[in-house]
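Residue strings, one per chain:
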Amino acid sequence: MAEITLIEAVRQAMDEELARDENVFIVGEDVGRRGGVFRATLGLFDKYGGERVIDSPLAEASIVGVGIGAALYGMRPICEIQFADFIHPAFNQIINEAAKMCYRSNGDWTVPMVIRAPYGGGIGGGLYHSQSLEALFTHTPGLKVVIPSSPYDAKGLLKSAVRDPNPVLFFEPKKGYRLIKGKVPDGEYTVPIGPANVTRVGGDLTVFSYGMMHYYTLQAAEQVAKEGIDVEVVDLRTLYPVDRQTLLASVRKTGKALIVHEDNLTGGYGAEIAATIAEQAFSDLDAPVRRLAGPDVPAVPFSHPMQDWFMLNPAKIAEAIRQLARY
Amino acid sequence: MDLSADDKREMYWMMLLARRVDERAWVLHRQGKIAFHISGIGHEAAQIGAAFALRRGYDWVTPYYRDLALMLALGYTPADFMLSLMGKAAEPSSGGRQMPSHWSLRKANAVSHSAPVATQTIHASGIGLAIKLRKEDKVVLTTIGEGSTSQGEWYEGVNWAAVHRLPVIFIVENNQYAISVPPEMQMAVPSSADKACGLGLPGIMVDGTDVFAVFAAVSKAVERARKGEGPSLIETRMYRITPHSSDDDDRTYRSREEVEDHKKSDPLLNARQTLEKEGVVTGAQIDEMETRAKGIIDEAVKTAEAAPYPADDDAAYPVYAEEVRRG
């Protein structure tokens, strides 16, 4: 078991999948000689060559669309969108093509591909290098949407995504790329797409989160534990299709639910979780379902005071936990 | 590649069959037996000329909605088309999920497409990339209307193929109208073939009402692509004799005189004149073809009318590859 960073886990997953299956290739902006602007593909160009680690023209629709075409032919593309904020030009290819291909061809054509995109703020990236966009895609049957929060999950889930026969959107918490460290096994392993993960067992209330906010939630849970609040934490990991069984089991046990995400509140992913709980666990609730989310402004501002105002952190999450615990 | 007399007769037969199938669809629409038809009348020479330049069933095709003749040449049958017009379960493109003329035929390597235009152009380049990565000698042919060459995704797709010298043949079927909008409102160049100049691939313009001229031009492009010399862009020019679709009223944007005038350059008429002059077909042979076509189409309509609709809850599947049920 070696301790590595989240981005090293992402890189290891791609390295091992490239080695395992010759149909796997990487395509994206600056993924080749540069090794990606975050260094996710560092060394892979030298190891596997320019035919398997391909620098694309600067056009996101074509990164995804070329990936779809190659996947239809039987390849296993890993498409990198440099920042999630740049995924919008590829929206049509993702929503209308990749997601609908299997259904619209009655299963004759499927699109086994991964679209990786670093997401999230708190890194001084302003409006267009900070966005959290999961809610745009968790409304779309045909896609799978995955967000890891630890190196172990990042590696295991990305390997599963590469092997999945469907299009998988894989959002990586970029603030956590080097901040989040953790142990991963030395040998081969995968983490299945689908199941959520109870990462902290507790009895007073449940916090549901994912990605960077899950990392902060665990810190917040430790803080409030000293005050006697016993928090259960569920890392959703796969946002679509979501693991309703695990999340309902947890809320039935604790009777209180807080959903935390960095994306803005209205129409955000938390609304779906809240609705699921309200519909299926209403009689088990001891308090209204709470959501703690980014504010309803267009995106994260650049200047530090404004960025801090936008961003959630362990202290803000701890405060929301205290409020819910008091109810 | 030279065409034998048999080849030429076969090409004429496919054009004639496509025309008569298409005309029957209009009749069925007027009879209230089908809800929608989008026509390829006037496009037969371009599509059959292109189809015969391929190794059909070996090479790949990403088509667009006017490609009835092309699809028939690839193995889609008149009965398949009638099933599709009526939304019957056995329709091979989508099992009744897609509107008619949204083609897919897995066994012929003809890929499913959507309705937002030019998405298929990028898929063609992705397939071309996969062929190149696997060092195979297949080619990809993709078709599109001239209006759709305004789309960003079209440029992105063609650019990819040019940059990576992919084995793709980009066919533009310029029928003078994008629903109601003429080419001079789509582009500032006289032909979409001129756009090739800015993208770095050969751009050729050919008379799309002359099946043998199209065959010659596409054959050359196919040969280039197969030898690894890269993509070509070919504009085939014809006239859309029918309204855009059965829901369109073209009297609102063009005169009857204009339409009548263009009927003189009917590709079917052109081919017949050429073949009669060459002594390749006789009037009696053409009469025999007409009888044969009518028999096939009558039978196709009967088959489709008797065929069952999909079960209503077939609509629930297959959203994901895991749900595909192979019959």
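Residues numbered from 1 in each chain as written. Chains lettered and ligands numbered in written order. Predicted model: local features only at pLDDT ≥ 70, side-chain atom pairs only at ≥ 80, totals over all residues.

Brief notes about the overall build of chain A
Here's step 1: Counting its regular elements, chain A contains 13 helices and 14 strands.
Here's step 2: For a compact globule of 327 residues, the expected C-alpha radius of gyration is about 20 Å, and chain A comes in at 19 Å, within 12% of that figure.
Here's step 3: Judged by the C-alpha coordinates and their principal axes, chain A covers about 60 × 45 × 40 Å.
Here's step 4: Each of the 327 residues in chain A was classed as buried or not, and the buried ones make up 58%.
Here's step 5: A separation threshold of at least 6 residues defines the contact pool for chain A, and within that pool the share at least 24 residues apart is 79%. (Helix = DSSP H or I, 4+ residues; strand = E, 2+ residues; numbered from the N terminus. Rg over C-alpha atoms; globule rule 2.2 N^0.38 Å. Buried ≥ 20, exposed ≤ 12 C-beta atoms within 10 Å, placed from the backbone. Contact = placed C-beta atoms within 7 Å.)

Remarks on the overall build of chain B
Here's step 1: Helices and strands together make up the secondary structure of chain B, namely 11 helices and 5 strands.
Here's step 2: Taking 20 Å as the expected radius of gyration for a compact globule of 327 residues, we find that chain B reaches 19 Å, a close match to that expectation.
Here's step 3: By residue count, 52% of the 327 residues in chain B fall in the buried class.
Here's step 4: A fraction of 75% describes how many contacts in chain B between residues 6 or more apart in sequence connect residues 24 or more apart.

A closer look at the interface of chain B and chain A
Here's step 1: Contacts between the two partners involve 33 residues from chain B and, on the opposite side, 34 residues from chain A.
Here's step 2: Of all the secondary-structure elements, those providing two or more residues to the side of chain B that touches chain A are α5 (119–133) and α6 (152–163) of chain B.
Here's step 3: If one sorts the elements of the side of chain B that touches chain A by residue count, α5(B) sits on top with 10 residues.

Considerations on the environment of B:Ile234
Residues and elements named next belong to chain B.
Here's step 1: Looking at the element boundaries, Ile234 is found in strand β5 (residues 232–237).
Here's step 2: Exposure remark for Ile234: the 28 C-beta atoms within 10 Å place this residue in the buried category.
Here's step 3: Along the chain, Ile234 and Glu173 lie 61 residues apart, while their C-alpha atoms are 8.7 Å from each other.
Here's step 4: For Ile234, the contacting residues outside a window of four places in its chain are Ile169, Ile171, Ala193, Ile204, Val206, Ala217, Val218 and Ala221.

A few points about the environment of A:Asp21
Here's step 1: Mapped onto the fold, A:Asp21 is located in the loop between α1 (6–20) and β2 (24–28).
Here's step 2: It is 25 Å that separates the C-alpha atoms of A:Asp21 and A:Arg237, two residues lying 216 residues apart in sequence.

Considering the sheet that holds strand β10 (residues 205–209) of chain A
Residues and elements named next belong to chain A.
Here's step 1: Strand order in the open sheet formed by 5 strands is β9-β11-β10-β13-β14, with mixed pairing between adjacent strands. If you trace the sheet from one side to the other, it starts and ends with β9 (197–200) and β14 (290–294), each paired once. For this sheet, the mean inter-axis angle between neighbouring strands, taken without regard to orientation, is 25°.
Here's step 2: Examined bridge by bridge, β10 and strand β11 (residues 231–235) share 5 bridges and lie parallel to one another. Residue Ser209 lies in a different strand from β11, and its bridge partner there is Asp235.
Here's step 3: Along the sheet, helix α11 (residues 269–280) makes contact with β10, β13 (257–264) and β14, crossing β13 at roughly 160°. (Pairing = 2+ DSSP bridges. Axes fitted to C-alpha atoms, helices over the stretch in contact; angles between N-to-C directions.)

A word on the sheet that holds β5(B)
Sheet strands associate in pairs through backbone hydrogen bonding, adopting either a parallel or an antiparallel arrangement.
All names here are of chain B.
Here's step 1: One open sheet accounts for 5 strands, arranged β1-β2-β3-β5-β4; its pairing is parallel. Each end of this open sheet is capped by a strand with a single partner; those strands are β1 (60–62) and β4 (203–207). Strand after strand, the sheet turns through a mean of 20° between neighbouring axes, direction not considered.
Here's step 2: Pairing analysis gives 3 bridges linking β1 to strand β2 (residues 140–145), with the strands arranged parallel. Looking at β2, one finds that Val61 is bridged to Leu141.
Here's step 3: The strands touched by α5 within the sheet are β1, β2 and β3 (168–174), with β2 carrying the most contacts at an inclination of about 170°.

Examining helix α4 (residues 91–98) of chain A
Here's step 1: Among all positions in α4(A), only A:Asn92, A:Gln93, A:Ile94, A:Glu97 and A:Ala98 are buried.
Here's step 2: Looking at the buried residues of α4(A), the elements they touch are α3 (60–73), α5 (101–104), β5 (113–119) and β7 (167–173) of chain A together with α5 of chain B.

As for the packing of α3(A) against α5(B)
Here's step 1: Put simply, α3(A) and α5(B) touch, their axes get as near as 6 Å, and they point 60° apart. Classified by the angle between their axes, α3(A) and α5(B) sit oblique to one another. The crossing of α3(A) and α5(B) is right-handed. Across the interface between the two elements, A:Ala61, A:Ser62, A:Gly65, A:Val66, A:Gly67, A:Ile68, A:Gly69, A:Ala70, A:Leu72 and A:Tyr73 of α3(A) pack against B:Thr119, B:Ile122, B:His123, B:Ala124, B:Ser125, B:Gly126, B:Ile127, B:Leu129 and B:Ala130 of α5(B). (Parallel < 35°, antiparallel > 145°, perpendicular 65-115°, else oblique. Left-handed = near helix turned anticlockwise from the far one by under 90°.)

Some thoughts on the nonpolar core
A general tendency of soluble globular proteins is for nonpolar side chains to be buried together.
Here's step 1: In terms of nonpolar packing, the biggest core is built from 201 residues, with A:Ile321, B:Met15 and B:Ile169 touching the most fellow members.
Here's step 2: Counting residues per element, this core draws most heavily on helix α1 (residues 5–30) of chain B, at 10 residues.
Here's step 3: Look past the residues within four positions of B:Ile169 in its chain and what remains in contact with it is B:Val139, B:Leu141, B:Val218, B:Ala221, B:Val222, B:Ala225, B:Pro231, B:Ser232 and B:Ile234. (Core = buried A, V, L, I, M, F, W, Y, C linked by C-beta atoms within 7 Å.)

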